[in-house]
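Observations on the three-dimensional arrangement
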Amino acid sequence: MAATVRRQRPRRPACWALMTMLLADLLSLSDTLAVMSVDLGSESMKVAIVKPGVPMEIVLNKESRRKTPVTVTLKENERFFGDSAASMAIKNPKATLRYFQHLLGKQADNPHVVLYRARFPEHELGVDPQRQTVHFQISPQLQFSPEEVLAMVLNYSRSLAEDFAEQPIKDAVITVPAFFNQAERRAVLQAARMAGLKVLQLINDNTATALSYGVFRRKDINTTAQNIMFYDMGSGSTVCTIVTYQTVKTKEAGMQPQLQIRGVGFDRTLGGLEMELRLREHLAGLFNEQRKGKSSKDVRENPRAMAKLLREANRVKTVLSANADHMAQIEGLMDDVDFKAKVTRAEFEELCADLFERVPGPVHQALQSAEMTLDEIEQVILVGGATRVPKVQEVLLKAVGKEELGKNINADEAAAMGAVYQAAALSKAFKVKPFVVRDAVVYPILVEFTREMEEEPGVRNLKHNKRVLFSRMGPYPQRKVITFNRYSHDFNFHINYGDLGFLGPEDLRVFGSQNLTTVKLKGVGESFKKYPDYESKGIKAHFNLDESGVLSLDRVESVFETLVEDSPEEESTLTKLGNTISSLFGGGTTPDAKENGTDTVQEEEESPAEGSKDEPGEQAELKEEAEAPSEENSQPLPPEPKGDTASNGEKTGGKENGEKSEAQKPREKGEAGPEGIPPAPEEEKKQKPARKQRVVEDIGVELAVLDLPELPEDELANSMQKLQDLTLRDLEKQEREKAANSLEAFIFETQDKLYQPEYQEVSTEELREEISGRLSAASTWLEDEGFGATTVMLKEKLAELRKLCQGLFFRVEERKKWPERLSALDNLLNHSSMFLKGARLIPEMDQIFTEVEMATLEKVINETWAWKNTTIAEQAKLPATEKPVLLSKDIEAKMMALDREVQYLLNKAKFAKPRPRPKDKNGTRTEPPLNASASDQGEKVIPPPGQTEDAKPISEPEVVDTGTEPADAEPLELGGPGAESEQKEQPAEQKQTLKNDEL
């Protein structure tokens, strides 16, 4: 046992240190324990949260609905969101903004912007002269960009999540359509930054849906690949995705399920909104025909009437999904004229016939990008609200050639649930079961550059080169490095989109600029001058396509290499010992000292770039800085370090490419082997071979964004400040409305109470008339001047009225509490008296309470009885309109004092130990038990072996007559020496009894 204790003692400080670290981590995460996801649809959004005790729950909005319209109403002095804004769309359509996500990341000449103007002519769109983007011009004082409007919606979604979670939330995962390009994704990130959200990831909504499907069917995923097609038709667009599910082996967690996006097809304008707009146009034509010849205006010129028709078209479309026909009716559509018309499903399908012909398009695109056939698809699952249209299901079923379409997923909430699962996985506050996600690049990205080449002596020509960085349907997140080998001076290169031939002409126009960025490098020539004796290994540009699908250029470096010889005498014994220890633990040799502020790195092998086979003379190379997720290592590697830590990143790359690590070099140099065996003396004297030394010099980078100019930092700060001011204004408005509602409620409730019997009993007629007059005056003031009153004025008016009615309310409340409080006091007094009586009946030998303690309790009981009787008598003499002397708080104080004394004695009795019994004076006999019978007391002891029963005793001890033995009982005889030895072996508590041979 001692050895065990000694082994445990050293562990205790380590355990406490670990607990301290865990506690510190928990405290640092206390403000971010909850995370959220926002599934941003064109028409509505779904918000989900994860917090301790609430795993993956959809947030209910203020109307207790799980789906919230993405609608904002902006007025001069107030804003409305969600259902409130949707209802305002009819009253004020110009100030109500909907479907504004279609304008994100697009310039004014984009076909989608033109389409938005045609669909919603009530909105006035201005143009930003610097970025050529559009903004909503609601009034001369109110203008907001689409990013600012989206930031308002995101901020509102966070407020809903915080109210539901009852704690602040900052971390979020936001869904975006899979077809969003770089400019659109950056616009969403800017909106989230304006809203003050920390975006853990922008996840494609099709990927989030696939993740939700896989998480809830984890047990069905095995090593056999399963190909599932998700057909998502929402309000604004349609996306078809082919996903492969199977289990793969990971380094961190062994065999884990994985989803891989294999193919994606989409249609940007095919959705439920286009169907509703066509149905609205049909209803508008019917209304105009009904009013033909009445010299009335066209209903299409009335924004309010068109807003009513759009809402009715949405309702009719939903009803026609389950019925063959339905009656569309609107009361007071325009000029107080009611509208009523019958619409059949056949008419609706005829209106949208060309739309239904486009349903199979995304399916064929997805199959083509995945290089698969329909026979390889096991199931087609419907997602999105527009897939509920029967004609859509009919056309799709015919296109895919399956027996039925899968409807075993929540079409509205699947993306939100998958996104919140990813948020929990990315957050440090939660630990979830791993599920590997391999998303795919929809638009390929390449690097283009030109340089002079001397094809013939004296003839120099410019050659244009292209290198694919991220290929179509390649996995991401991913890091890659491209090396420029034939440059010794400053140069430029361009980052553009790759082959977009899979897009149609109209989609290419909507896509926008195919040029992303122009990169200008500065300092290349200076780096060559700085290291003239070093061999150049090229200019390396490090690219990163992060989890959100956003491309960034991390850094550009100029790498040089030279040979360095180390003599044996320069290496000290201490250095050798350090190298030996490092080799034992898998480390390398001690890195060389930094030279001129740069880091030394190992040589790394680089694979040729795509397309280099056709150009054997070109030396630019491309390599993956971090391997893409594979079956052996499906999780993305951590980001490469920046700045001074570049050498570490290069070392990692060198080891991954099969080059000998530093840990293997000591053995070649004659140092300690892998098992730490010292080298032979003759090996130490050998000259060390020359080794390669690399030097990295950072290159200045100047970026020129070409697709959509970034929002300047000052404008971004102004937008954030503008949104914060609007939020503060909304909070002040809510506070004022709350104060006004409280004042109004108090007036009406108090006026009603004045006529209730319990209030009339404790008040005089004069007091009631005074209170009633003051309440009437406050009500009149609230109606006449309350609209202009500030929050402070409303609160002061309410405080005055409460002070006036305070005495009346106090008397009523006290009378309501008397019966319950007095009954509880009587019960406590009775139980305390019974307890005291029982304590006094305890025999003196077993008494555990002192006389002082019992006297104290008796005193408190008597004082409480006396106070109660006296106070009740005094209260009976007072009129009901006076302030009572019998107060509920005094009764509670008396009960607490009495209960404290009783609890003290109860606790003492609970932990008290029984007193020991005193021994007899001669120590030879104890009193037999009260329940011992005469036969038990007169029983004889069997003599020990070898002794007869009639043997005479050695001596006759005194017998103490206790009066319990019968008169005819014979005295017992003691045994011989053997019996005495037997008595010594008995326990100590039995010695007195056995000494006289009594049982």
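Keep in mind that this is a model prediction, so the values were computed, not measured. (Residues numbered from 1 in each chain as written. Predicted model: local features only at pLDDT ≥ 70, side-chain atom pairs only at ≥ 80, totals over all residues. Heavy atoms only, no water.)

**Section: the overall build of the protein chain**
Going by this rule: Comment: elements are numbered from the N terminus, with helices defined as DSSP H or I runs of at least four residues and strands as E runs of at least two. Note on contacts: a residue pair qualifies if any of its non-hydrogen atoms lie within 4.5 Å across the two residues.
When you go through the protein chain residue by residue, the secondary structure sums to 29 helices and 30 strands. Taking all contacts inside the protein chain whose residues are at least 6 apart in sequence as the whole, residues at least 24 apart take part in 72%.

**Some thoughts on the nonpolar core**
This is how it is decided: To qualify as a nonpolar core, a set must consist of buried Ala, Val, Leu, Ile, Met, Phe, Trp, Tyr and Cys residues joined through side-chain atoms within 4.5 Å. Buried, partly exposed and exposed residues are distinguished by accessible area as a fraction of the type maximum, computed with a 1.4 Å probe on protein chains only: under 20%, between the cut-offs, and over 50%, respectively.
The biggest cluster of nonpolar side chains holds 129 residues, and the ones touching the most others in it are Leu154, Phe230, Tyr245, Phe484, Phe493 and Phe543. The element best represented in this core is helix α5 (residues 146-165), accounting for 10 residues. Ignoring any residue separated from it by four or fewer positions in sequence, one finds Leu154 in contact with Val38, Leu40, Ile174, Ala191, Ala192, Ala195 and Leu197. Within the second largest apolar cluster, 44 residues are counted, among which are Leu279, Ala313, Leu320 and Val400.

**Focus on a negative patch on the surface**
Selection criterion: Two joining distances apply to patches: 9 Å for like charges and 5 Å for nonpolar side chains (Val, Leu, Ile, Met, Phe, Trp, Tyr), and every residue must have over 30% relative accessible area and no salt bridge. Note on areas: Shrake-Rupley, 1.4 Å probe, and residue coverage restricted to the protein chains presented here. One speaks of a salt bridge when a side-chain nitrogen belonging to Lys or Arg is within 4 Å of a carboxyl oxygen belonging to Asp or Glu. When charges are counted, Lys and Arg contribute as positive and Asp and Glu as negative, whereas His and the chain ends are disregarded. Think of each charge as sitting on NZ of Lys, CZ of Arg, CG of Asp or CD of Glu.
Judged by side-chain charge, Glu744, Glu783, Asp784 and Glu785 come together as a negatively charged surface patch. Per-element accounting of the negative patch gives the leading share, 3 residues, to helix α23 (residues 765-785). Note that Asp784 resides in helix α23.

**Quick notes on the sheet that holds strand β9 (residues 134-137)**
Here is the rule we go by: DSSP bridges decide pairing: two strands pair if at least two such bridges lie between them. Throughout, an axis means a line fitted to C-alpha atoms (over the contacting stretch in the case of helices), and angles, computed between N-to-C directions, take values from 0 to 180 degrees.
Spatial ordering of the open sheet is given by β8-β9-β10, a layout of 3 strands whose pairing is antiparallel. Edge positions in the open sheet fall to β8 (125-127) and β10 (143-144), since each of these has one partner strand only. Note: β9 against β10, 2 bridges, orientation antiparallel. Bridge assignment links Phe136 to a residue of β10, and that residue is Phe144. Helix α4 (residues 111-119) rests against β8 and β9 of the sheet, and its axis sits at about 150° to β8.

**Here we look at the sheet that holds strand β6 (residues 79-81)**
Whenever strands of a sheet pair, they do so through backbone hydrogen bonds, lying parallel or antiparallel. Reading across the sheet, the 3 strands line up as β6-β5-β7 and stay open at both edges, with antiparallel pairing between neighbours. A single partner strand is all that each edge strand has here, and the edge strands are β6 and β7 (96-98). Taken over all neighbouring pairs, the strand axes of this sheet differ in orientation by 20° on average, direction set aside. Relative to β6, strand β5 (residues 71-74) is paired through 3 bridges, and the arrangement is antiparallel. Pairing of Val72 across the sheet is with Phe81, part of β6.

**Focus: unusual backbone geometry**
With an omega of 10°, the peptide bond running from Tyr476 to Pro477 counts as cis. Relative to the assigned elements, Pro477 resides in the loop between β22 (475-476) and β23 (478-484). Positioned with a positive phi, Tyr99 is a non-glycine residue whose angle comes to about 55°. Along the polypeptide, Tyr99 turns up in the loop between β7 and α4. In this structure, Glu371 is a non-glycine residue whose phi angle is positive, near 55°. Within the element layout of this structure, Glu371 appears in the loop between α12 (361-370) and β18 (379-383). For Glu371, a relative accessible area of 71% corresponds to the exposed category.

**Details of the packing of aromatic side chains**
Applicable threshold: The rule is short: rings of Phe, Tyr and Trp, with Trp giving its six-membered ring, pair when the centres are within 6.5 Å, and they are stacked under 30 degrees, edge-to-face over 60, tilted in between. Either the NZ atom of lysine or the CZ atom of arginine qualifies as a charge over a ring when it sits within 6 Å of the ring centre and within 35 degrees of the ring normal.
Throughout the structure, instances matching the rule amount to 27 aromatic pairs. Between Phe491 and Phe493, the aromatic rings sit 6.4 Å apart at their centres with planes inclined by 40°, giving tilted as the arrangement. Residues Phe491 and Phe493 agree in their burial class; the two are buried. Members of the aromatic cluster, each reached through a chain of ring pairs, are Phe179, Phe180, Phe266, Tyr443, Tyr497, Phe502 and Phe511. Here Arg472 stacks its cationic end above the ring of Phe502, 3.7 Å away from the centre of that ring. Taking NZ or CZ as reference, Lys753 lies 4.9 Å from the ring centre of Phe809, over its face.

**Examining the confidence of the model for the protein chain**
Threshold: Values of pLDDT, ranging from 0 to 100, describe the predictor's confidence in every residue of the model.
For the protein chain, the average pLDDT comes to 79, and 75% of its residues sit at 70 or higher. Here helix α18 (residues 646-656) is the element of the protein chain with the lowest mean pLDDT, 37, and strand β11 (residues 171-176) is the one with the highest, 95. Low pLDDT (under 50) marks residues 624-685, which in the prediction has 121 contacts with non-local residues, meaning those over four places away or in another chain.

**Regarding the pattern of salt bridges**
Applying the stated rule across the entire model yields 37 salt bridges. When the shortest N-O distance is used, the salt bridge between Arg66 and Glu413 registers 2.7 Å. Taken together, the positions of Arg66 in the loop between β3 (54-58) and β4 (68-69) and Glu413 in the loop between α13 (390-400) and α14 (414-426) put the pair 347 residues apart, joining distant regions of the chain. The salt bridge partner of Asp412 is Arg388, with a shortest N-O separation of 3.1 Å. Of this pair, Asp412 sits in the loop between α13 and α14 while Arg388 sits in the loop between β18 and α13, and the two are 24 residues apart along the sequence. Here Arg388 falls in the partly exposed class, since its relative accessible area comes to 42%.

**Considerations on the side chain of Glu147**
Here Glu147 shows up in helix α5. For the buried Glu147, which has no salt bridge, the nearest side chain bearing the opposite charge is Arg131, at an N-O separation of 4.3 Å. Filtering out sequence-adjacent residues up to four positions away, Glu147 remains in contact with Leu104, Gly105, Arg131, Ala187, Gln190, Ala191 and Met194.

**Quick notes on empty space enclosed by the protein**
The line we're drawing: Throughout, the protein atoms alone are placed on a 1 Å grid, and a set of points is a cavity if a 1.4 Å probe fits but cannot get out or a pocket if it is open with protein on both sides within 12 Å along at least five of seven lines; lining residues have an atom within 4 Å of a point. Grid points are joined across faces, edges and corners, and a volume is the space filled by probe spheres set on the points. Residue polarity follows a fixed list, in which Ala, Val, Leu, Ile, Met, Phe, Trp, Tyr, Cys and Pro are nonpolar, Asp, Glu, Lys and Arg are charged, and the others, Gly among them, are polar.
Scanning the entire structure with this criterion turns up 9 cavities of 30 Å³ or more. In terms of lining, the largest cavity is formed by 15 residues, of which the most central are Gln182, Arg185, Val441, Val442 and Gly549. A per-class count over the lining of the largest cavity returns 10 nonpolar, 4 polar and 1 charged.

**Concerning the environment of Tyr116**
Spelled out, the test is: Two N or O atoms form a polar contact when they lie within 3.5 Å of each other; inside protein one atom must be a possible hydrogen donor and the other a possible acceptor, and for residues adjacent in sequence the pair counts only when both atoms belong to side chains.
Its place among the elements puts Tyr116 in helix α4. Taking C-alpha positions, Tyr116 is 7.8 Å from His102, a pair spaced 14 residues apart along the chain. Only 2.6 Å separates the side chain of Tyr116 from the backbone oxygen of Arg98, close enough to count as a polar contact.

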